[in-house]
Every structure is written in structure tokens, then in C-alpha cells.
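One-letter residues, chain by chain:
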Amino acid sequence: MSAPLSSEGGRHGAGVALTSVLLVEDEQSIAEPFAQALTRNGFQPTIARTAAEALRLGRQEHPDIVLLDLTLPDGDGRDVCRELRRDSNVPIIMLTARGTVTDRVVGLELGADDYIVKPFATGEVISRIRAVLRRARVQAHGVEDAADAAELTVGDLRLDLPARRAWLGGRELDLTRKEHDLLARLMRDAGRVITRETLMSEVWDENWFGSTKTLDVHIAGLRRKLDDDPGSPRYIRTVRGVGFRFTAPEEAQP
Ligand code: CA
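Residues numbered from 1 in each chain as written. Predicted model: local features only at pLDDT ≥ 70, side-chain atom pairs only at ≥ 80, totals over all residues.

Caption draft 1: Structural context of the overall build of the protein chain. Counting secondary structure elements, the protein chain contains eight helices and 14 strands. Here the protein chain holds 254 residues, and the buried ones make up 34% of them. When contacts within the protein chain are restricted to residue pairs at least 6 apart in sequence, those whose partners lie at least 24 apart make up 56%. (Helix = DSSP H or I, 4+ residues; strand = E, 2+ residues; numbered from the N terminus. Buried ≥ 20, exposed ≤ 12 C-beta atoms within 10 Å, placed from the backbone. Contact = placed C-beta atoms within 7 Å.)

Okay, here's the thing in C-alpha cells:
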């Protein structure tokens, strides 16, 4: 028996269930601010502070993803992972202060999908959550979900994903491959902030460790082709120190 693996609901906008995150973490100084950050990023977190609570909530609430601390007051997170895996294919990311290769291998062998070493940056964890959910969707359905399948429209900008073509008004845009990928990624989450790290890892398929100059060059190129003024953007909005937000369809001016 498997728990249903829902899509990353929140990204489709208002009226759709948010992606639920079961955060298993006994340290309040980590759990509380991180839960708040998850909420700000459009997730719906529930905190479990013990292994027992994690198992109960994991089975009752069918979260979309589990973030699992390894050292819990009443047990080991790896046992929780093993137990959850008995009857659920929910994606699990392990959180731990331990960073040895052995721990990582054991964690992944138990069925965890990813592994993050504390202390972590919130933005990094959120981009890893999105990446794990994306992989899980692809594994469950064999393809990216339906929202990714055909066409994206915001204002007078239209993107045909399978054909890799874009139009602004009636005019077709001449986009490079990466510009197209970047635009598609931004438009898929239109209205929501996407971090620089997420864009680097998903569009360039690289872990982000340093410069994101490549990203800035491509954003500048896209803005030019979209006639988008960075000072008062219609489409691509800079969220300083975080990333970018594409205008939501409902806020686009006609
Ligand atoms: Ca702990």
C-alpha cells in the first residue's frame, strides 16, 4: 500500500492544496524558524518533535514530503525512515548534523531520497525539496505533470513547451535554449519567488556553490527580448537577495 503522491500543489496558484511538509525536528530553535520559512515559500508545514509523533503524523496526514532529523529524543530518525517506508513512498529528506559518508549511504539505503547536513541554509533546503518532489513526480507518472505539458500564458506572453516556441503578442520570440528553459521555469511558478539556487540547479542542472553570473546574463537577455524594463518590470521581477518572481497571470496588465 502506498500513500498517494500528490503533485506540488501550491505552485498552481490559489484554490489548490498547498504541498504539505512533515518536519521532524526536536530542536525548537531550528523547527520554528524553518517552519515559518516553509510557510513563506508556499508550503504547509507540520512539526513532529519525536519519532513517535513522526510516525503517527506520517501515517495520518499523508504529507507530500518528510524532512527527517536523525537524532530524536525517543529514537533514531533512520528507524523512522524505515518504518515510514514500510507502507509509503512519500519522499524523505534526512536532516542531520552528522555528515560522514557512512551516514549518508545508510540514510539513502533506507530509502531516503536526499540528505542535508546541518547547519543548512533555508533556501538550499527549499530548492532540494522542490527537486526531490519533481523527481518523485517524474518517477510516479513517467513524465512531468500536466501543468508542464503544453502551454503557459501570462498576459500577452505565450509559451508552447513541446514546440519550444514563445510569442509576445503576435510576435514570435527568438530565444536561446537556456532562455527558453529559464522562461519556462519562471512561468511555471508565475507569481511565486524562485530562488537563484533553484534556477541554477533546475535550469543549469548544477549544484549552486558560487557565482550566478550566468543566470544574470540570461535574465538580462530575456528581459531585452520581452521588452521588460528592470526598473518597472511587467514580467520578470527581481527579489533582492533571493531570486526572481514572474508576474502571476492575474496581476498581468492586459
Ligand atoms: Ca535532533
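More follows now that the structure is in view.
Caption draft 2: Quick look at unusual backbone geometry. Phi at H62 is positive, roughly 45 degrees, even though this residue is not glycine. Along the chain, H62 falls in the loop between α2 (51-61) and β3 (65-69). Even without a glycine there, the phi angle at R164 is positive, about 55 degrees. Tracing the chain through its elements places R164 in the loop between β9 (157-160) and β10 (165-168).

Caption draft 3: Just the environment of R85, in detail. In this structure, R85 sits in helix α3 (residues 77-87). For R85, a count of 14 C-beta atoms within 10 Å puts it in the partly exposed group. The contacts of R85, once residues within four sequence positions are left out, are L110 and G111.

Caption draft 4: Here's a closer look at the nonpolar core. One finds V24, V66, L67, L68, I92, I93 and M94 to be the most contacted residues of the largest nonpolar core, which totals 32 residues. Looking at this core, the elements with two or more residues in it are β1 (19-24), α1 (28-40), β2 (43-48), α2, β3, α3, β6 (92-96) and α5 (122-141). Per element, the largest residue contribution to this core is five residues, and it comes from α5. When near neighbours in sequence (up to four residues on either side) are disregarded, L68 contacts V24, G77, V80, C81, I92, I93, M94 and L95. (Core = buried A, V, L, I, M, F, W, Y, C linked by C-beta atoms within 7 Å.)

Caption draft 5: A look at α2. The set of residues buried in α2 consists of A51, A54 and G58. In a view along the axis of α2, the buried residues occupy a sector of 55 degrees, so they form one face of it. Along α2, the residues that are exposed and aim more than 90 degrees away from the buried face are R56 and Q60. Buried residues in α2 make contact with β1, β2, β3, β4 (71-72), β5 (75-76) and α3. Trailing α2 by a residue or two, H62 shows a phi angle of about 45 degrees, which is positive. (Arc of directions from axis to C-beta.)

Caption draft 6: Molecular detail of the sheet that holds β10. Ordered by their spatial adjacency, four strands build an open sheet running β8-β9-β10-β11, and the pairing between neighbours is antiparallel. Looking at which strands have only one partner, the edges of the open sheet turn out to be β8 (151-154) and β11 (171-173). Each adjacent strand pair in this sheet contributes to an overall mean axis angle of 20 degrees, direction not counted. As paired strands, β9 and β10 are joined by four bridges and run antiparallel to one another. (Pairing = 2+ DSSP bridges. Axes fitted to C-alpha atoms, helices over the stretch in contact; angles between N-to-C directions.)

Caption draft 7: Molecular detail of the pairing of β6. For β6, the buried fraction is high: five of the five residues fall into the buried class. The two faces of β6 match: I92, M94 and T96 on one face and I93 and L95 on the other face are all buried. Pairing geometry for β3 and β6, over four bridges, is parallel. In the strand pairing of β6, L68 is matched with M94. Of the pairings in the sheet, the one linking β6 to strand β7 (residues 114-117) comprises four bridges and is parallel in character. Within β7, the position partnered with I93 by the bridge is D114.

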